[in-house]
Amino acid sequence: MYVLLWLLLAYGGQISARKPQGIALRRTRSLRSASTWPGQRIPIPMPGGVLRVSRGVSEQFGDGCRRGRGIGRIYSSKLKDAPTSLAKEGMVPGNNDFDSVSSSKETRAAVIETVWGKKSRFLRGKDVEAVSPAKLALLLTEKDFYDKYVIIDVNHNPKFNRAHIPGSKNIQAHRLIEGWSPIEILQRVNYALFYDFEGTQPNPNFLQEFQSEVAPLLTKKKVILVDNNILGTLKPTKFFPDGKPSNALRSAHDLLKQGDFKDLDIMFLEGSFEELARNGVKMQDSGGKKIDPDRYLKLSELGIL
C-alpha cells in the first residue's frame, strides 16, 4: 500500500495538457496548491485545450513549495489570445499563485494574470513597506522600538518556538496539519517524502486570533510581519513583474482586506532570519533563551531551525 501511495505521489505529480496543433507549450513554476482530483479534465478557452490533472489535493500545502515540495506543474499555451486570468476563468480553483508563462520571441509579452498579481498590486496600492534585515536590525536597537512597532511572526508555532525575534508575537498563517481525513493523510505523506514532518495547512482562525491578540496592542503602532522567507518581495523583476509571494505578504493582504484593519500601517521583512543574524540580531527560543547569531546560522544550515 505504501509503495503504491509513494508511486502515486512521486510520479503522478505532473499536470499535463493536450497540446493544440501548432502551439508550443512551456512549463511554468510549481503550483502551491490545487483543488483538483486525479483524472479531472479542465477545459482551456482555446482550440483543443484540455488540462488533465494527474494528481491534486483540495487543500493548500502552506509553505510546501519553499524547499522544492511543489505538488505539481501546470502547462499553458503561448497563444496571443490566451486568457488573461486562469483563476478568473475558474480553471484551477483555490488560492494558487501563478507567476508567468515562458514565451517565445513572437509572444514574449504574453503573461498570464495571476491571483498573486492582484494581491501584489493591492498591497502596493496600500503602501505596504518592505524593511530589510539590516534596517530591522538597526530599528531593534532603538530604546522606544516596541512603543512604535509590533512584530508579528506568521510562522507555524513549533518553528516560532525554536527561534524568533525577541519581542515578536506569533499569529500563525499556517498551522500543523491536525486532522486525519484522506486528504490530510495525503498531505502528511507528501511532506514526509521530503523528510518534512511538520506539514502545514492554512490557519482558518488567523484573522480572529489577530483581532483578539494583536488588535488591542495597535494604538498608533506599525505592524511588521515576518516569516523567514527570503523570496517574499513586492519589487518587480523581468520574470516576476508582481514580485514574489510569501506568507507575510499574503497575511498583509488578508488583514488589509478586512474592514477592521483596512487602514493598518503594515511593513514586512524582505529577507530571512539568517540575514538578521548576520546583522547581529540575537534570536530567542520559547523559553526566552537568547541564541547567538553564529550558533543560529549553524543550526539553520543544519536544518534544525
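Residues numbered from 1 in each chain as written. Predicted model: local features only at pLDDT ≥ 70, side-chain atom pairs only at ≥ 80, totals over all residues. Heavy atoms only, no water.

Right, let's get into the overall build of the protein. When you go through the protein residue by residue, the secondary structure sums to 10 helices and 14 strands. The 305 residues of the protein split such that 48% are buried. Of the contacts formed within the protein by residues at least 6 apart in sequence, a portion of 68% connects residues at least 24 apart. (Helix = DSSP H or I, 4+ residues; strand = E, 2+ residues; numbered from the N terminus. Buried < 20%, exposed > 50% of the residue type's maximum accessible area, 1.4 Å probe, protein only. Contact = heavy atoms within 4.5 Å.)

This part takes up the pattern of salt bridges. Tallied over the entire structure, the rule returns nine salt bridges. Salt-bridge contacts for R121 lead to D242; the nearest nitrogen and oxygen are separated by 3.6 Å. With a gap of 121 residues between them, R121 in helix α2 (residues 115-125) and D242 in the loop between β11 (222-226) and α8 (247-256) connect regions that are remote in the sequence. For D242, a relative accessible area of 15% corresponds to the buried category. E142 is paired through a salt bridge with K148; the nearest N and O atoms lie 3.0 Å apart. On the accessibility criterion, K148 (33% relative accessible area) is partly exposed. (Salt bridge = Lys/Arg side-chain N within 4 Å of Asp/Glu carboxyl O.)

We now examine the packing of aromatic side chains. Two numbers describe a pair of aromatic rings. These are the distance of the centres and the angle of the planes. Taken as a whole and assessed by the stated rule, the structure comprises four aromatic pairs. Between the aromatic rings of F145 and Y146, the centroid separation amounts to 4.9 Å while the plane-to-plane angle is 90°, which identifies the pairing as edge-to-face. Judged by relative accessible area, which is 35%, Y146 ranks as partly exposed. Aromatic pair F145 and Y149: ring centres 4.9 Å apart, planes at 20°, arrangement stacked. Among the aromatic residues, ring-to-ring pairing joins F145, Y146 and Y149 into one connected group. Over the ring of F122 we find K257, and its NZ or CZ is 4.6 Å from the ring centre. (Phe/Tyr/Trp six-rings, centres within 6.5 Å; stacked < 30°, edge-to-face > 60°. Lys NZ or Arg CZ within 6 Å of the ring centre and 35° of its normal.)

Further remarks concern the environment of V189. Following the sequence through the fold, V189 ends up in helix α6 (residues 182-192). Since its relative accessible area comes to 23%, V189 is described here as partly exposed.

Strand pairing in a sheet takes place through backbone hydrogen bonds and is either antiparallel or parallel in direction. One open sheet holds the five strands; their spatial order is β6-β12-β11-β7-β8, and the pairing between them is parallel. In this open sheet, the two strands that pair with only one neighbour each are β6 (129-131) and β8 (169-170). Docked against the sheet, α8 engages β11 and β12 (266-269), running at close to 140° with respect to β11. (Pairing = 2+ DSSP bridges. Axes fitted to C-alpha atoms, helices over the stretch in contact; angles between N-to-C directions.)

Here the focus is the nonpolar core. L123, I152, F210, V223, L225, L264 and I266 are the most contacted members of the largest nonpolar core, which has 24 residues in total. Looking at this core, the elements with two or more residues in it are α2, β7 (149-153), α7 (206-213), β11, α8 and β12. The leading source of residues in this core is α8, at five residues. Setting aside anything within four residues of it in sequence, one finds V223 in contact with V150, I152, F210, L218, L264, D265, I266 and M267. Residues Y149, A163, V226 and L269 belong to the second largest nonpolar core, which totals 22 residues. (Core = buried A, V, L, I, M, F, W, Y, C linked by side-chain atoms within 4.5 Å.)

Here β7 lies mainly inside the structure; five of its five residues are buried. Neither face of β7 is open: one carries Y149, I151 and D153, the other V150 and I152, and all of them are buried. When β7 meets β8, the two strands line up parallel, connected through two bridges. When the sheet's bridge partners are listed, D153 is paired in β8 with N170.

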